[in-house]
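Structural description and commentary
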Amino acid sequence: MKTLKISTPLHTDFLPVITTFIENSSCVFGIDKQGALKLTLASEEVFSYLCKVIQGDKVLDVICTGGIYFVSVEFSFDKIELGLQAFNITATPSSESEESFKEMGLLIAARSVDSLSLEEASGERLVLRLIKEKSYPSPEAIELPDIPPMASFALKIPTVDEIKMFSRLLPVHYKDYPFPDAFRYPGKLVDMVSSSIYGISIATDERGLIGGGIIWKRMNEKIVEFFGPYLFNQKGNNKMAESLVNACLEGLARTEIIGAFCRYPTEVFPTEYFESIGITTSYQHQRNQIEFPCYYRQLHEDTGTYVYVPGTIASFIEAEYKRLVLPRQVYLTDYSGEYRGDYSVFASEFDRELNQVIIRPLLPGEDCLTNILKHLEIFNNERILNCFFEIDLGIVWQAYVVDSLMECGFKPRIIIPYGGKSDLVIFQYTP
Amino acid sequence: MRPLALNKLVPSYIKSFEAYIPSKPDEELKKLYHTPFIHRLNNNENSLGPPPAAQEIIKKFPPLRAAIYPSGDSYYLRQKLANKFDMHPDQFLVGNGANEVITFVVKAFCQKGDNIITSDKTFAVYEWVAIFSGFEARLVPLRDYAFDDEGMLERIDKKTKIIFICNPNNPTGTYWDKERIKRFLDRVDNRNIVVVDEAYFEFVEQEDYPDCISLIPEYPNLVVFRTFSKMYGLAGLRIGYLAGNLDVVNTIRKTCVVYSVNAIAQEAAHAALDDIEHVAKTRKYVKEGKDFLRKELIRMGLPYIIGEGNYIMIRLPINDTLAYRKLMGQGIMVRTMTGFRFPNHIRVTISGLPIMEAFIEGLKKIL
């Protein structure tokens, strides 16, 4: 990945510097003109907003990163109490309030990009990150090869052409199976693998035909998510499935990755390499639902960690820790009325193909319950049936969101050890 | 004050490197896993402890001598090694465990753009030291669980400086016999430094197993590692050494941190070297332990890889990290093998029979 950085005083006089920087950087990093303009617009709104709300002689660091299939812009600034509620997907500007008008820009920013996140960095700094993905053409229809059952095969890191072929074969052989929409775009899958955020391994026969493959994605610095293993016309070839998983684990073994997670295991998933961490339900229509057992494994010996657990889910968490034999120091905690700001902020990550949204809390606030309900209303209107909410048990204020989640109909479904600062609990909403 | 620009200060090869996180102290692990005891079967330590003479040195070490620096280059220990192997004392370098001497060798021979060659499934420190020093580690897959000589020779290029061979290999226990080592050294033909790590040398009783220190006069590019951490039970004191051709060792000495080996370690190691009986006793319990495990594992239908050294690798029908946690719950600590690129395997240190029986009982409970 390549990065460009500028530091500017937080003053509107420097707005043209920022917009020129973002637009030119985005184009250099390969994003199309329209995408570059959207990212520039979002950045313009963020910068203008920060100029208004941050007082004094402050410096803003802006980092533009070319991630091959996306461009990201990071704004790094001193921690302040911001009116960031406009970043909620539910936010609607009100013409009656000047404050609300000021935040309309943030709303525009949030909706112009593919992803927005806010996180605490070191040294009392906040980092606000905007991501815009490149657009890729849909694959043209071509005749796909007949793939015979393979008694012998070799594992390999695929070439660009092989990744493209894999991308074409996947939707044909797994028509009714959930996998990320991005995998359908051959060019995008090639770029995702080039970015090193995704990895792929395939099994081929002596003629070079692809019998199967596995994809993994870095969810964060510590955890990868597996997709697959996918087999093409290799019914019952457990050896191929196992070899793909084995090769993948061996490749990750001496890296910083400490855990591997699979949300949608295929029928050939070798469960003996993993442990079951719960079940999620994939709602395809209101009356059509499939249960997916989720699997996880650690790559290291577990040296223990601590978690903050609210009373509402304490019995669930403790039972799971006992079942999974996870060494944890559990601190029971509940909200005790302390100040937490007026407005909560959540980030929403959509996958339209999976009919899914994952919500992550960014900031706590008094309006937590209302905010969750507003989000659910929007998802309901958009007919999104699979709503997940992630709570990091290593961050104490996130534990306080749990009561509101439960009140709104969310239930804890799975625990991903070390999925966040500490363990991550994934809640699912039952429509 | 501006924020620390750590990103600019750290080299890219360090950014992408994973820090090794050692296990917590036993007392902390007991609390976390709710167990009143821990049988340590994870680090291939000698359950008999150090030889009696070394134990006496440790017991009688005068506390006031802790205020005095030790010999900076392990003077007397090197004299003793020289007598034992009929070599010059300067042909030995003593370090704070074998890990430190690995670092000395890599620093002495590698510069920007260079590479080292080793196996993908062996002791990790050769690979780690190379990577966090900014050099390429070329990993050649094992063949039939053993180092692949032809594969390693094929990967040598002009930038290859060192080839690391672990003999016997940790964790598979396979070894190259004398003929194979010599054939390999002949093919390398002094183009590169060849390090043979003999950390488990004293455990091997096979007649065709080579004593590589005896080959040093014939092969000036050969460097041999030995340690006091395994057979001699001094792991807690951290002491190991290397031996080689005088010019080669004098070159390595330039990168050596003096005074890194403490006084008790030097004296205990000096005393340990004489104890033949300790070696025999250790070999006896290791043999008994291996025989016992073989029988039990066959009975349980679990595949295993057993070779030389005081360890065995077992293939489990569940993931090794889960097995680790479940066994820890019973006070049994094994080494997970995913980090050695053997997913679903564990490595178990051979200990006395009662502990091996406890391990098998524990294993039965979790499977």
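Residues numbered from 1 in each chain as written. Chains lettered and ligands numbered in written order. Predicted model: local features only at pLDDT ≥ 70, side-chain atom pairs only at ≥ 80, totals over all residues.

**Focus: the overall build of chain B**
The line we're drawing: Helix and strand definitions here come from DSSP, where helices need a minimum of 4 consecutive H or I residues and strands a minimum of 2 consecutive E residues; each element is numbered from the N-terminal end. Counting other C-beta atoms within 10 Å of a residue's C-beta gives its exposure: the residue is buried at 20 or more, exposed at 12 or fewer, and partly exposed in between, where C-beta atoms are placed from the backbone. Distance between backbone-placed C-beta atoms decides contact: two residues are in contact if it is within 7 Å.
Across its full length, chain B holds 14 helices and twelve strands. A buried classification covers 45% of the 367 residues belonging to chain B. The long-range fraction of contacts in chain B, counting pairs at least 24 apart against all pairs at least 6 apart in sequence, stands at 73%.

**Comments concerning the overall build of chain A**
Keep this limit in mind: We take the radius of gyration over the C-alpha atoms and set the globule estimate at 2.2 Å times the residue count to the 0.38 power.
Helix and strand counts for chain A stand at ten helices and 19 strands. In summary, chain A has a C-alpha radius of gyration of 23 Å against a globular reference of 22 Å for 431 residues, a match within 12%. Each of the three principal axes of chain A carries a C-alpha extent, and together these read 70 × 50 × 45 Å. Looking at chain A residue by residue over its 431 residues, the buried ones come to 44%. Sequence-distant contacts, at least 24 apart, represent 64% of the contacts inside chain A between residues at least 6 apart.

**Comments concerning the environment of Pro 22 of chain B**
Residues and elements named next belong to chain B. Structurally, Pro 22 is set in the loop between helix 2 (12-15) and helix 3 (26-33). For Pro 22, a count of 8 C-beta atoms within 10 Å translates into the label exposed. As for Pro 22 and Thr 103, which are separated by 81 residues in sequence, their C-alpha atoms are 19 Å apart.

**A word on helix 12 (residues 276-300) of chain B**
Residues and elements named next belong to chain B. Quick note on the threshold: Helix span is expected to be 1.5 Å times the residue number reduced by one.
In this model, helix 12 (25 residues) spans 36 Å end to end at C-alpha, consistent with the 36 Å of a helix rising 1.5 Å per residue. Here helix 12 has its buried residues at His 278, Thr 282, Val 286, Gly 289, Lys 290 and Leu 293. Next to the buried residues of helix 12 lie strand 9 (304-306), strand 10 (311-315) and helix 14 (353-366). At the exit of helix 12 stands Gly 301, carrying a positive phi of roughly 70°.

**What to know about the packing of helix 4 (residues 52-60) of chain B against helix 11 (residues 263-272) of chain B**
Angle between the axes and distance between the axes are the two parameters that describe a pair of packed helices. All names here are of chain B. How we decide: An axis is simply a line fitted to the C-alpha atoms; with a helix, the fit covers only the stretch in contact. Between two such axes, the angle follows the N-to-C directions and lies from 0 to 180 degrees. Any angle from 65 to 115 degrees is called roughly perpendicular, while one under 35 is roughly parallel, one over 145 is roughly antiparallel, and all others are oblique. The crossing is said to be left-handed when, going from far helix to near helix, the turn is anticlockwise and less than a right angle, and right-handed when the turn is clockwise. Charged residues are taken to be Asp, Glu, Lys and Arg, nonpolar residues to be Ala, Val, Leu, Ile, Met, Phe, Trp, Tyr, Cys and Pro, and polar residues to be all remaining types, Gly included.
Relative to each other, helix 4 and helix 11 sit at 155°, their axes nearing to 7 Å. Looking at the two axes, helix 4 sits roughly antiparallel to helix 11. Seen from above, helix 4 lies across helix 11 with right-handed handedness. Side by side, helix 4 and helix 11 meet where Ala 53, Ala 54, Ile 57 and Ile 58 of the first sit next to Ile 264, Glu 267, Ala 268, Ala 271 and Ala 272 of the second. Its residues placed into classes, the contact of helix 4 with helix 11 shows eight nonpolar, no polar and one charged.

**Examining the interface of chain B and chain A**
Tallying the contact residues gives 25 residues for chain B and 24 residues for chain A. Ranked by the residues each element gives to the side of chain B that touches chain A, the list is headed by helix 13 (residues 320-328) of chain B, at five residues.

**Re helix 4 (residues 160-173) of chain A**
Spanning 14 residues, helix 4 of chain A covers 20 Å between terminal C-alpha atoms, matching the ideal 20 Å at 1.5 Å per step. Along helix 4 of chain A, the residues classified as buried are Ile 163, Met 165, Phe 166, Ser 167, Leu 169 and Leu 170 of chain A.

**Structural notes on unusual backbone geometry**
Omega for the bond connecting Gly 228 of chain A with Pro 229 of chain A falls within 30 degrees of zero, at 0°, which places this linkage in the cis form. Of note, Pro 229 of chain A is situated in strand 9 (residues 223-231). Between Asn 167 of chain B and the following residue, Pro 168 of chain B, the backbone shows a cis peptide bond with an omega angle of 0°. Positionally, Pro 168 of chain B belongs in the loop between strand 5 (160-166) and helix 9 (178-188). Here Ser 196 of chain A, not a glycine, exhibits a phi torsion of approximately 75°, which is positive. Structurally, Ser 196 of chain A is set in the loop between helix 5 (186-194) and strand 7 (198-204).

**Observations concerning the packing of helix 4 of chain A against helix 5 of chain A**
Residue and element names in this part refer to chain A. At a minimum axis separation of 8 Å, helix 4 and helix 5 run at an interaxial angle of 125°. Between helix 4 and helix 5, the angle is such that the two are oblique. Where helix 4 crosses over helix 5, the two elements pack in a sense that is right-handed. Contacts from Val 160, Ile 163, Lys 164, Ser 167 and Arg 168 of helix 4 reach helix 5 at Pro 186, Leu 189, Val 190 and Val 193. Of the residues belonging to the contact of helix 4 with helix 5, the class tally is six nonpolar, one polar and two charged.

**Regarding the pairing of strand 3 (residues 70-78) of chain A**
All names here are of chain A. Threshold: At least two DSSP bridges between two strands are required for those strands to pair.
Note that strand 2 (residues 59-66) and strand 3 share six bridges and pair antiparallel. Within the sheet, the bridge partner assigned to Val 62 lies in strand 3 and is Phe 75. A loop of three residues connects strand 2 with strand 3, the two strands running antiparallel in sequence, and Ile 68 in this loop sits at a positive phi of about 70°. Two elements, strand 3 and strand 5 (residues 125-133), share nine bridges in a ladder whose sense is antiparallel. When the bridges of strand 5 are listed, Phe 70 appears paired with Glu 133.

**Quick look at the environment of Ile 215 of chain A**
Residues and elements named next belong to chain A. One can find Ile 215 in strand 8 (residues 210-218). By C-beta crowding, Ile 215 is classed as buried, having 28 other C-beta atoms within 10 Å. For the pair Ile 215 and Gly 228, spaced 13 residues apart in sequence, the C-alpha separation works out to 6.7 Å. Ile 215 has contacts with Phe 183, Tyr 198, Ile 200, Phe 227 and Gly 228, leaving out every residue within four places of it along the chain.

**Details of the domain arrangement of chain B**
Residue and element names in this part refer to chain B. Our working definition: Note that the domain bounds were set by an automatic or database domain assignment.
Assigned domains of chain B: these are domain 1 (8-49 + 276-366) and domain 2 (62-272). Computed from C-alpha atoms alone, the centre-to-centre distance between domain 1 and domain 2 is 24 Å. Tallying the contact residues gives 28 residues for domain 1 and 24 residues for domain 2. Counting residues per element, the ones that place at least two in the side of domain 1 that touches domain 2 are helix 2, helix 12, strand 9 and strand 10.

**Here's the deal with the domain arrangement of chain A**
Residues and elements named next belong to chain A. Segmenting chain A into domains produces domain 1 (1-135), domain 2 (154-258) and domain 3 (300-431). With four residues of domain 1 at the contact, the number on the domain 2 side is five residues. Grouping the constituent residues of the side of domain 1 that touches domain 2 by class yields three nonpolar, one polar and no charged.

**Observations concerning the sheet that holds strand 3 (residues 115-119) of chain B**
Residues and elements named next belong to chain B. Spatially, seven strands are ordered 2-8-7-6-5-3-4 in an open sheet, and the strand pairing comes out mixed. The open sheet has two free edges, formed respectively by strand 2 (92-95) and strand 4 (136-140), since each of these has just one partner strand. Looking at each pair of strands side by side, their axes are set apart by 20° on average, direction ignored. When strand 7 (residues 222-227) meets strand 8 (residues 240-244), the two strands line up antiparallel, connected through five bridges. Paired with Thr 227 across the two strands is Gly 240, which belongs to strand 8. Where helix 6 (residues 98-109) meets the sheet, it contacts strand 2, strand 3, strand 5, strand 6 (193-197), strand 7 and strand 8, and its direction lies at approximately 125° from that of strand 2.

**As for the pairing of strand 10 (residues 259-265) of chain A**
Residue and element names in this part refer to chain A. Heads up, the condition is: For a crossover, the right-handed case is the one in which the path from the first strand over the helix to the second runs clockwise, viewed with the strands pointing away from the viewer.
By the criterion of burial, strand 10 is predominantly enclosed, with six of the seven residues buried. Two strands pair when backbone bridges link them, and strand 9 and strand 10 are joined in this way by five bridges, in the parallel orientation. Within the sheet, the bridge partner assigned to Val 224 lies in strand 10 and is Ala 260. For the crossover that starts at strand 9, traverses helix 6 (residues 238-252) and ends in the parallel strand 10, the hand is right-handed.

**Overview of the confidence of the model for chain B**
For the record, the criterion: The predictor attaches a confidence to each residue, called pLDDT, with possible values from 0 through 100.
Here chain B shows a mean pLDDT of 95. Residues at 70 or above account for 99%. Complex prediction metrics read pTM 0.88 and ipTM 0.85.

**Examining the sheet that holds strand 1 (residues 39-41) of chain B**
Residues and elements named next belong to chain B. Spatially, the five strands line up as an open sheet ordered 1-11-12-10-9, and their pairing is mixed. Here the strands that pair on one side only, and so sit at the sheet edges, are strand 1 and strand 9. Direction aside, neighbouring strands of the sheet carry axes that sit 30° apart on average. Across two bridges, the pairing between strand 11 (residues 332-336) and strand 12 (residues 345-349) is antiparallel. When the bridges of strand 12 are listed, Arg 335 appears paired with Arg 347. Helix-sheet contacts for helix 13 involve strand 11 and strand 12, and the interaxial angle to strand 11 is about 165°.

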